[in-house]
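An overview of the molecular structure
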Amino acid sequence: MSTYRIATIPGDGIGVDVTAEAVQVVDAVLPGVEWTEFDWSCEQYLRTGAMMPADGVERLAGFDAILLGAVGFPGVPDHISLWGLLIPLRRAFSQYVNLRPVRLLPGTESALRDRTAEDLDILIVRENSEGEYSELGGIHNPGRPEEVVLQESVFTRTGCERIIRYAFERARERDGRLCSATKSNGLIHSMPYWDSVFERIAAEYPDVETRQMHVDALAAEIVLHPDRLDVIVGSNLFGDILSDLAAAVTGGLGLAPSGNINPHRDAPSMFEAVHGSAPDIAGQGIANPVAQILAAAMMVEQLGERAAAAAIDRAVCEVLAEGSVRTPDLGGTATTTELGLTIAKRAAELVGS
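Being a predicted model, the structure only gives us computed values, none of them experimental.

1. Some points on the UniProt feature "domain: Isopropylmalate dehydrogenase-like" (unreviewed entry) in the chain
UniProt annotation of "domain: Isopropylmalate dehydrogenase-like" (unreviewed entry) refers to residues 5–343 when read in the numbering used here. Segment residues 5–343 splits into 40% helix and 19% strand. End C-alpha atoms: 23 Å apart.

2. Observations concerning the layout of surface pockets
Any empty space left between the atoms is revealed when a probe the size of a water molecule rolls over them. Computed from the structure, the largest pocket encloses a volume of approximately 900 Å³. Lining the largest pocket are 30 residues; nearest its centre among them are L99, L123, R170, M298 and E301. The set of elements that each furnish at least two residues to the lining of the largest pocket consists of β4 (97–103), β5 (121–127), α5 (157–173), β11 (257–261), α9 (290–302) and α10 (306–322). The leading source of residues in the lining of the largest pocket is α9, at five residues. Grouping the constituent residues of the lining of the largest pocket by class yields 17 nonpolar, three polar and ten charged. Counting the residues that make up the lining of the largest pocket, at least three belong to each of domain 1 (1–95 + 254–352) and domain 2 (110–250). If you add up the space inside the second largest pocket, you get close to 530 Å³. If you go around the second largest pocket, you meet 23 residues; those closest to its centre are V71, L82, L86, V274 and G276.

3. Focus: unusual backbone geometry
For D114, which is not glycine, the phi torsion reads 65° and is therefore positive. Following the sequence through the fold, D114 ends up in the loop between β4 and β5. Despite not being glycine, A278 shows a phi value in the positive range, around 40°. Its place among the elements puts A278 in the loop between β12 (269–273) and α9. A residue is classified by how much of its surface remains accessible, and A278, at 25% relative accessible area, is partly exposed.

4. A closer look at the packing of aromatic side chains
Evaluated as defined, the whole model comprises five aromatic pairs. Residues F38 and F63 carry aromatic rings whose centres are separated by 5.8 Å and whose planes lie at 85° to one another, so their mutual orientation is edge-to-face. Of this pair, F38 sits in the loop between β2 (34–37) and α2 (42–48) while F63 sits in the loop between α3 (56–60) and β3 (65–70), and the two are 25 residues apart along the sequence. Each member of the pair, F38 as well as F63, carries the same accessibility label: buried.

5. Considerations on the side chain of T19
Locating T19 in the fold gives a position in helix α1 (residues 14–29). A polar contact of 2.6 Å, which involves the side chain of T19, links it to the backbone oxygen of G15. At 3.1 Å, the side chain of T19 and the side chain of Q292 are in polar contact. When sequence neighbours within four positions are dropped, the list of residues in contact with T19 reads T8, P10, L67, L68, G69 and Q292.

What counts and how
Residues numbered from 1 in each chain as written. Predicted model: local features only at pLDDT ≥ 70, side-chain atom pairs only at ≥ 80, totals over all residues. Heavy atoms only, no water. UniProt positions renumbered as here; feature names shortened; annotations may be inferred. Helix = DSSP H or I, 4+ residues; strand = E, 2+ residues; numbered from the N terminus. 1 Å grid on protein atoms, 1.4 Å probe; cavity = no way out; pocket = protein on both sides within 12 Å on 5 of 7 lines; lining within 4 Å. Points joined across faces, edges and corners; volume = space filled by probe spheres on them. Nonpolar A, V, L, I, M, F, W, Y, C, P; charged D, E, K, R; others polar. Domains from an automatic or database assignment. Buried < 20%, exposed > 50% of the residue type's maximum accessible area, 1.4 Å probe, protein only. Phe/Tyr/Trp six-rings, centres within 6.5 Å; stacked < 30°, edge-to-face > 60°. Polar contact = N/O pair within 3.5 Å; in protein donor to acceptor, adjacent residues only side chain to side chain. Contact = heavy atoms within 4.5 Å.

Now the structure itself:
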């Protein structure tokens, strides 16, 4: 079995709590992982004025993967945590795919009436390096009555082609259905361009069934007819919003993992739960670690250890299905540590069987 060097950035709030559980689960199936923890967080920002040191990218470059907790802390604006840590790492390491699988896990209930696991299993492929999340723009005449704010979007041919082609490949691996999120009736430059790239690449995949839906109609489709959806590809903003909606209807953000993927594997990919830092419950031992554990499973699979990743995923499903060990958000009384330890023990049994 290979030895891996993995960086952890527990971050803020419950990110610290759930990352500790994810680490012990990985250790249960991949003994010998070399972990290095970095205390980069909003709390560090308040102390030093920076989320991470100036050489942060260089310090992480040599790792095989990064496991991120969550960032966000009272008194630190959200754009500081996003642009001070997450976006610089995503772009420096060419993590242009944000992969967000959303599904109804065993033993959990959907917010949608009478929906089953077969209805709720969607893979959202979000563009992660450009789009609406751009630094281009600014404030003209700040503080004056004629104040003007400009925020520009960036859609490049390279960026659109590579994320859409990646989504087609994933759709081909699954049920062969791909839906593109657009808004070409309102955004007259960026979205018609996105649509044209999607249509051109679709011609290369005649075996994949395609749809294009305006993002507002697609949001309604996730709620009303999720069974009609398999893989969704969207821009940075659309993918972000749709994945949170999908996670909410499949049981909540506490169950939803994500990966910031470098498909070329020439730099580390970074894995995290979709949920935020939830500082109001941090350190109380009640945070649900499942999303972070499933993010760790995605990380293990990206490292090529598919059997170990499958053991983690199966352990989560079995423990949740049994229902005796659940955190309060799932209707139980177990602590974060109790649920994490139960999953770790089950994963170790499965990988050894």
